[in-house]
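# Coordinate inspection notes
As a plain string of letters, each chain reads:
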Amino acid sequence: MYNLIKMPLTCLLIMTYTNFYYHTKKRMNTRTSKVFEVLVTAVTIHLVSAVITEYTVNNRDTVPEPFNNIWHIVFLVSLTCVLCLILDYLLLYVERASGRKQTTQKKILAVVCLIGVCAEIVLPCRYIDTVHGAYMSGMKAYALYAVVIYTMAMQIIIFSRYWEILGKDRSRVLFASLLLFAVMAGIQIFWPYLLLTDLAVTMFMLGIMVNTEDSHVYISYYTGLYNEIGCREILRETLLLKKPFSAGVYVFLEGKSDIAAAMLSVQKKIPEKKYRLICGTLADNVLIVLPVSSWTKGIASVNRLPKPEEVDHKLGYTSEIFQFSGKETVTEILDGIRDYKNRYEESALQRDELTGLLRRAAFIRQVEYMINNKKGFTFVMIDLDDFKSINDIYGHKVGDDVLKYVANTFVTVLRTSDAVCRIGGDEFAVALCGVTDSATVCEIAERVKKGLEEQTVLPDDRCAVRLSCGAKLWNPADGEPSFQELYTEADAALYKAKRGGKNRLFIAGSTAGEN
C-alpha cells in the first residue's frame with residue numbers, strides 16, 4: 001500500500017517545501033501572480049486529496065464508501081480546477097505580454113470548468129481492480145479527460161500563436177513544462193494505474209516558479225523593491241484596463257547607498273496593501289509608485305507624495321505625480337519619466353547642492369541673457385559678515401544651516417524673475433531683473449535684512465546673521481558690459497560696504513553706503 005501512495009506523497013512534500021520557499025519571497029502584485037497563488041493552493045489541496053484517495057480506493061473494503069466518494073470527488077474537482085487555473089494563468093500572461101484581452105477564451109474556460117466540476121460531482125463511476133492497484137473509470141473519469149484534452153489543446157494553440165510575444169526564454173520553459181504535463185497526462189489516460197498526473201502537476205508548478213514567477217527576475221537585489229522588469233509588467237497590466245491612472249515619480253541625486261535608504265523610507269510611508277500600490281526602481285536613482293487600483297483613494301488624492309525621511313542636505317531629490325490616460329504604451333510612459341529624470345539632473349548640475357541656488361556658470365548665463373535682451377537690472381554682490389566666527393563658535397553644521405537659511409530668505413523675498421547665485425563659501429550674487437533705481441534696491445535690501453533678523457538657526461545671541469552688499473545698476477543705455485565688468489564693479493562696492501562698517505549696502509557710483 002505504501003508503494004501506491006508514495007508518488008503523490010512525495011509530490012506533496014516537494015510542493016510543501018517549494019511553497020514555503022515561494023511565500024518567503026516578495027511576489028509580483030499582478031493578477032497573473034494572484035492567479036498563481038490560487039493555483040498553488042489548488043495544487044496543494046489536490047495532492048493531499050491524491051494521497052488520501054489512493055488509500056481509500058485501494059481499501060474500499062475497510063473504508064466507508066461515503067468517505068471514499070467525497071475524497072475522490074475532491075481529487076477530481078481539484079485537478080479540474082488546477083488544469084483550468086493553469087490555462088487561465090497562461091491567458092493572463094498572454095494579455096500582459098501582448099496587450100490583447102482574451103475575454104472570449106476566459107469565458108469559454110469558465111464554462112468548461114463549471115461543466116466539468118458539475119459532471120464530476122453528479123455522474124456515476126466504477127472502480128477497476130488490477131494487480132497494479134485500483135483506479136476509477138466511468139463518466140466521472142471521462143469528464144476529467146475532456147477537461148484535460150481541452151486545456152492541453154488550448155495551451156498548444158496559445159503557444160503557437162504567441163510564442164514570440166511571450167519571449168523565447170520563458171516560452172521554452174513554459175512549453176517544456178506543458179509538453180511534460182501533456183505526455184504524462186496522456187499516459188495516465190491510457191494506463192490509469194500509472195500515477196503520473198501528480199508528478200506532472202508538480203513539475204509544471206516548479207517550472208513556473210523558477211521562470212515566470214521567480215522573484216529574482218522582478219525584484220531588485222539591492223533595494224528589495226520591484227526593478228524595471230517588474231514595473232514594466234505591472235504597467236502592462238494596468239494599461240489593459242484602458243482607464244486613466246496616476247504614478248508618483250522620485251528622482252534622487254548623490255550616493256547610491258543614501259538613495260536606497262531614501263527609497264525604502266518612501267516605501268514605508270506608502271500604504272501598499274491598503275491601496276494596492278507598489279514601489280519600483282526604474283534606475284538606480286528613480287523610484288516609481290504605481291497604482292494597481294484607484295489612486296484617488298490613496299495619498300495622491302491630496303496631490304502629495306511622502307517625503308523621504310533619510311534625505312539630508314547632501315541628497316537632493318524631486319518628485320512629481322504623473323497623470324496617464326491609459327492609452328499610452330509602456331515605452332511612452334517610461335520615456336516620459338526618463339525625460340523628467342534627465343531634465344532634473346541637468347537642472348541639478350546648475351544648482352548648488354547645499355542651498356539649491358544657481359551655480360556660477362548658470363548665473364552667468366542668466367546675466368548675459370538680461371544684457372543681450374536689453375533688460376535693465378541691478379547686479380548685487382553679497383557677503384555674510386563674520387561668518388568665520390559662526391563656524392568657530394557653533395560648528396560647521398550650524399554654519400551650513402545659516403547658509404541654507406540665508407538662501408531661503410533670498411528665495412522668499414525676491415521674485416522668480418530674479419537670479420540668485422551662491423558664488424562660493426559665504427558669498428552670493430543676485431541679479432534684480434528690471435530694477436534700475438537705487439531706492440528700489442535699498443527697499444529690497446531692507447526686506448532681506450528684516451527677514452534675516454527673524455532667524456532661529458543660531459542657538460544664542462553671541463553672533464548674528466548679517467550681510468554686506470555691493471550693487472551695480474545697469475541700464476541698456478549704458479552699453480553692453482561683460483559679466484566680469486559688472487562683477488568687478490559690484491565686488492568693489494561690496495568691499496566698500498565691508499570697509500564702511502559691514503551690515504550695509506553700497507551702490508557703485510554713489511558717495512555713501514546705505515545702512
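Data block above holds the structure.
Residues numbered from 1 in each chain as written. Predicted model: local features only at pLDDT ≥ 70, side-chain atom pairs only at ≥ 80, totals over all residues. Heavy atoms only, no water.

In this section: the sheet that holds strand 9 (residues 427-433). Each strand in a sheet pairs with its neighbour through backbone hydrogen bonds, running either in the same direction (parallel) or in the opposite one (antiparallel). Reading across the sheet, the five strands line up as 8-9-7-10-11 and stay open at both edges, with mixed pairing between neighbours. Each edge of the open sheet is held by one strand with a lone partner, namely strand 8 (419-424) and strand 11 (505-507). Averaged over neighbouring strand pairs, the angle between their axes works out to 20° when direction is ignored. Of the strand pairs in this sheet, strand 7 (residues 377-384) and strand 10 (residues 467-474) are connected by eight bridges, and their pairing is antiparallel. Looking at the pairing, Thr 378 lines up with Leu 473 of strand 10. Against the sheet, helix 15 (residues 396-413) makes contact with strand 7, strand 8, strand 9 and strand 10, and its axis sits at roughly 160° relative to strand 7, the strand it touches most. Strands in contact with helix 17 (residues 483-499) are strand 7, strand 8, strand 9, strand 10 and strand 11; relative to strand 10, the strand with the most contacts, it is inclined by about 140°. (Pairing = 2+ DSSP bridges. Helix = DSSP H or I, 4+ residues; strand = E, 2+ residues; numbered from the N terminus. Axes fitted to C-alpha atoms, helices over the stretch in contact; angles between N-to-C directions. Contact = heavy atoms within 4.5 Å.)

Along the chain, Arg 338 falls in helix 12 (residues 330-348). By relative accessible area, which is 33% here, Arg 338 ends up partly exposed. Each C-alpha atom of the pair Arg 338 and Val 286 lies 8.8 Å from the other, and the pair is 52 residues apart in sequence. When near neighbours in sequence (up to four residues on either side) are disregarded, Arg 338 contacts Glu 228 and Arg 232. A polar side-chain atom of Arg 338 sits 2.8 Å from a polar atom in the side chain of Glu 228. (Buried < 20%, exposed > 50% of the residue type's maximum accessible area, 1.4 Å probe, protein only. Polar contact = N/O pair within 3.5 Å; in protein donor to acceptor, adjacent residues only side chain to side chain.)

With the rule as written, the count across this model stands at 20 salt bridges. The shortest N-O distance in the salt bridge between Lys 498 and Asp 385 comes to 2.8 Å. Here Asp 385 lies in the loop between strand 7 and helix 14 (387-394) and Lys 498 lies in helix 17, a separation of 113 residues in the sequence. Across the salt bridge formed by Lys 404 and Asp 401, the nearest N and O atoms sit 3.8 Å from each other. With Lys 404 and Asp 401 both in helix 15 and three residues apart, the pair spans about one turn of that helix. Classification of Lys 404 as partly exposed rests on a relative accessible area of 29%. (Salt bridge = Lys/Arg side-chain N within 4 Å of Asp/Glu carboxyl O.)

Without other data, these values stay purely geometric and don't point to any function.
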